[in-house]
Amino acid sequence: MNVSVVLFTSDLRVHDHPPLRAALGPGNETVPLFVRDPAVDRAGFAAPNRLAFLADCLAGLDSGLRERGGRLVVRSGDPVAEVCAVVRQTDADEVHMAAGCSAFALHREQRLRSALEADGRRLYVHDGVVTALPAGAVTPSGSDHFAVFTPYFRRWSGERLREPLAPPQEVRVPGGIRSEALPARAAVASVSEGLATGGEREGRQRLADWLGEYADGYEEGHDDLPGDATSRLSPYIHFGAVSAAEAVHRARSRGGAGAEAFVRQLCWRDFQYQLLAARPGAAARDYRTRADRWRRGKAAEADLLAWKQGRTGYPVVDAAMRQLAHEGWMPGRGRLLAASFLTKTLYIDWRAGARHFLDLLVDGDVANNQLNWQWVAGTGTDSRPNRVLNPVIQGKRYDPDGAYVRRWVPELAGLPGPSVHEPWRLAGPERARYDYPDPLVGLPEGLARFRRARGKDGP
Ligand SMILES: Cc1cc2nc3c(=O)[nH]c(=O)nc-3n(C[C@H](O)[C@H](O)[C@H](O)COP(=O)(O)OP(=O)(O)OC[C@H]3O[C@@H](n4cnc5c(N)ncnc54)[C@H](O)[C@@H]3O)c2cc1C
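- An unreviewed UniProt entry lists the protein chain under the name Deoxyribodipyrimidine photo-lyase, with Streptomyces nojiriensis given as the organism.
- Recorded in UniProt under Sequence similarities (unreviewed entry), the annotation for the protein chain is "Belongs to the DNA photolyase family."
- Quoted verbatim from the Cofactor (unreviewed entry) heading of the UniProt record, the comment on the protein chain is "FAD".

Shown next, in the form of C-alpha cells:
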C-alpha cells in the first residue's frame, strides 16, 4: 500500500485539485494535511478577517474530504517539520503540494524538498493550482516576466489551460494520524461584522450564481459602486476554495462580453503573480522607483489615521474605507480611489496603505495587494505613473446618485443625489448640521504637492 501526503496551502478545495488527484492512485492512502504556520502570523499575515474565513474554508475542505471517506489533518508548527513527522509516521514516499509564487512559499518549498530528499522521499510541486496559468509559463523575449499587462493578456489568452479536474470519488486516510481540532470562526476576535462566509461550497455556489445570473452586466457595471455588480469571488479564489483555472474555463464556456471581461480580470491576477514570482522583492520595495520622499511626521500620521477611519472629508473615499472596515472587502473601484487618494493626494507611502489593507482585506494577498498598490502609486507597472484620480469626479461618475456614499457614510444620508459628493459646498448653517469633516487637503493643493514631489506635471 502506497501512502502519500497532500499539503494544502492556498488551495482549500477538493474540486480541480491536481495535487490531490495525483496522490490518489488506486489503492493508495493519503494524508490531506494543513499546517497552521506561526511564521505566517509572525510576519503580520494573521488578520482576523482572513483567519475567520480560513476557518470556514478548512471546515469546508474537511467536509468535502469526509463526503469521500477522508478527513483533513490539521497541525500547527513549522510545515517542514510537521510534514516530515507525518511522512515518517505513515512511511509515505511522496508529498504533493501546489506551487506558490511568493518568496515565503518558494523558501518553504525548497526547505521541504531538501528535508524529504535527505530522507529518500519525493516532493511533487504542481503548477497551475493557485493561478490559472503557472507563473513564468509565458515570458516576453529578453525578460523573465511581463511588465506590461496587455501583451501578457494576449499571450496568456493564447495558452491552453489544463482541463479542470473532477473531485476524487474516494479519499482513504491511514488510521492513527493525530489532528488538532479545526480552528473555529467563532473563536476569532475582532472580525468585521459583515464578513462573508467562506468555504468551497459557498464559493462554488457564488461562481455558479454569478455566471448564471449576473455576468452579463459585468462589462458595463463592474465599476458601478452602488450596483455591487462584481463577482465578490476574490476571497474564495484567494484561499483556493474556488480554482482560478476552473473559473476561467467556466466563464469561457459560458461566453459573452461580461464573462470575457471577468476572464480578463482573472488574467490580471495571474499577471501580478508572475511579476511577484520573478521579483519577490516587489512585495516591499518599489518595482520602479520614482525617488519618492513620502510625507512623514505628525501631519502625515494624522492624515493616515483619518484615511483609515474613513474621515478624509472626501465622501466616496470614506465610503470605500468604511465598507472595508465593515466587510473586510471593497470593490475594485473603491480600492483604486482609496489607494490613489492616499498615495497621490495625501502623498503617503503606498506601504502604509497596503499594510492597512492587509490588516483588513479578507482576500488580502502579497501579489495582488502589494502590486496593485504599486500600480496605483505609480511605482509599479502602470504606464501612466503620475495620473491622479479625482475623488469628486470619480464619485459622480461611479456613484452618480450618491447611493453608495449614503449607504456607508450615514452622517451624510440626508444629502440628496450627487450633492453628497461635495458636502463642503453647503452654506454655513446647513453645513454645520452634518457631523462630517472638512477635506484633509484641497484637491488642487494635493495635486500640486504630488506633481512637485514627482518633479513633473506629466499625465
Ligand atoms: C490597491 C488595491 C489592492 C488590491 N488588493 C487585492 C488583494 O489583496 N487581493 C485580491 O485578490 N485583489 C486585490 N485587488 C484587486 C481587485 O481590486 C480585487 O481582486 C477585486 O476588487 C475583488 O472583487 P471581485 O472578486 O468582485 O472582483 P471581480 O471584478 O469579479 O473580478 C474577478 C476576479 O479577478 C481577480 N481580479 C480582479 N481585479 C483584479 C486586479 N486588479 N488585480 C488582480 N486580480 C484581480 C480577482 O481574483 C477577482 O475575484 C486590489 C486592487 C487594488 C487597486
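## Concerning the UniProt feature "domain: Photolyase/cryptochrome alpha/beta" (unreviewed entry) in the protein chain
Then step 1. As annotated in UniProt, the feature "domain: Photolyase/cryptochrome alpha/beta" (unreviewed entry) corresponds to residues 2–131 in the numbering used here.
Then step 2. In this annotation, residues 2–131 is assigned 45% helix and 22% strand; the end-to-end C-alpha distance for the span is 29 Å.

## Some details on the domain arrangement of the protein chain
Size of an interface, as often reported, equals the accessible area lost when the parts are brought together.
Then step 1. Each assigned domain of the protein chain is listed with its residue range as follows: domain 1 (3–129), domain 2 (131–163 + 202–278) and domain 3 (298–454).
Then step 2. Distance from the C-alpha centre of domain 1 to the C-alpha centre of domain 2: 25 Å.
Then step 3. Tallying the contact residues gives 15 residues for domain 1 and 17 residues for domain 2.

## Overview of the site of the ligand
Then step 1. Taken together, 29 residues lie around the ligand, and Thr230, Ser231, Gly332, Asn369 and Asn372 are the ones closest in.
Then step 2. Where the shell around the ligand is concerned, the elements lending two or more residues are helix H9 (234–238), helix H11 (257–278), helix H14 (332–345) and helix H16 (366–377).
Then step 3. Counting residues per element, the shell around the ligand draws most heavily on H11, at 6 residues.
Then step 4. Split into classes, the residues belonging to the shell around the ligand amount to 12 nonpolar, 12 polar and 5 charged.
Then step 5. Formed jointly, the shell around the ligand draws a minimum of three residues from each of two domains, domain 2 (131–163 + 202–278) and domain 3 (298–454).

## Things to note about helix H10 (residues 244–254)
Residue pairs three or four apart in sequence face the same way in an α-helix, which turns once every 3.6 residues.
Then step 1. Here H10 has its buried residues at Ala244, Ala245, Glu246, Ala247, Val248 and Ala251.
Then step 2. Looking one or two residues beyond H10, the residue adopting positive phi is Gly255, at roughly 75°.

## Notes on unusual backbone geometry
Then step 1. Its identity is not glycine, yet Arg232 carries a phi of approximately 55°, on the positive side.
Then step 2. Of note, Arg232 is situated in the loop between helix H8 (218–221) and H9.
Then step 3. For Tyr347, which is not a glycine, the phi torsion comes out positive at approximately 50°.
Then step 4. You can see Tyr347 is positioned in the loop between H14 and helix H15 (350–360).

## Considering the packing of helix H13 (residues 315–327) against helix H17 (residues 391–398)
Then step 1. Put simply, H13 and H17 touch, their axes get as near as 8 Å, and they point 70° apart. Here H17 runs roughly perpendicular to H13, going by the angle between their axes. Along the contact surface, H13 presents Pro315, Val316 and Val317, while H17 presents Pro391, Gln394 and Gly395.
Then step 2. Of the residues that constitute the contact of H13 with H17, the class distribution is 4 nonpolar, 2 polar and no charged.

## Observations regarding the sheet that holds strand E5 (residues 122–126)
Then step 1. Across the sheet, which stays open at both edges, the 5 strands sit in the order E3-E2-E1-E4-E5 with parallel pairing between neighbours. Among the strands making up the open sheet, the edge pair consists of strand E3 (73–76) and E5. Here the strands of the sheet are splayed against their neighbours by 25° on average, with no regard to which way each runs.
Then step 2. Across 6 bridges, the pairing between strand E1 (residues 3–8) and strand E2 (residues 29–36) is parallel. Looking at E2, one finds that Val5 is bridged to Val31.
Then step 3. Most of the contacts of helix H5 (residues 103–118) go to E5, to which it runs at about 150°, and overall it touches strand E4 (94–98) and E5.

## Let's talk about H14
Then step 1. End to end, H14 covers 19 Å across 14 residues, agreeing with the expected 20 Å (1.5 Å per residue, within 8%).
Then step 2. In terms of residue burial, H14 counts as a mostly covered element, since 12 of its 14 residues are buried.
Then step 3. Buried within H14 are the following residues: Arg333, Gly334, Arg335, Leu337, Ala338, Ala339, Ser340, Phe341, Leu342, Thr343, Lys344 and Thr345.
Then step 4. If you follow the buried residues of H14, they end up packed against helix H12 (298–309), H13, H15, H16, H17 and helix H20 (443–454).
Then step 5. Phi turns positive one or two residues past the end of H14, at Tyr347, with a value near 50°.

## A look at the nonpolar core
Grouped burial of nonpolar side chains is what soluble globular proteins tend to show.
Then step 1. By size, the foremost hydrophobic cluster in this structure holds 123 residues, and its most contacted members are Val5, Leu33, Leu58, Val83, Ala247, Leu276 and Ala320.
Then step 2. When residues no more than four places from it in sequence are discounted, the contact partners of Val5 are Val31, Leu33, Val83, Val86, Val87, Ala92 and Val95.

## Quick word on the pairing of E4
Then step 1. Here E4 lies mainly inside the structure; 5 of its 5 residues are buried.
Then step 2. Of the two faces of E4, the one carrying Glu94, His96 and Ala98 and the one carrying Val95 and Met97 are both buried.
Then step 3. Relative to E5, E4 is paired through 5 bridges, and the arrangement is parallel. Note that in E5 the partner of Met97 across the bridge is Val125.
Then step 4. Once the chain exits E4 it traverses H5 before rejoining the sheet at E5, and the crossover so formed is right-handed.

Parameters and conventions
- Residues numbered from 1 in each chain as written.
- Predicted model: local features only at pLDDT ≥ 70, side-chain atom pairs only at ≥ 80, totals over all residues.
- UniProt positions renumbered as here; feature names shortened; annotations may be inferred.
- Helix = DSSP H or I, 4+ residues; strand = E, 2+ residues; numbered from the N terminus.
- Domains from an automatic or database assignment.
- Contact = placed C-beta atoms within 7 Å.
- Near = placed C-beta within 6 Å.
- Nonpolar A, V, L, I, M, F, W, Y, C, P; charged D, E, K, R; others polar.
- Buried ≥ 20, exposed ≤ 12 C-beta atoms within 10 Å, placed from the backbone.
- Axes fitted to C-alpha atoms, helices over the stretch in contact; angles between N-to-C directions.
- Parallel < 35°, antiparallel > 145°, perpendicular 65-115°, else oblique.
- Pairing = 2+ DSSP bridges.
- Expected span 1.5 Å × (residues − 1).
- Core = buried A, V, L, I, M, F, W, Y, C linked by C-beta atoms within 7 Å.
- Right-handed = clockwise from strand over helix to strand, strands pointing away.

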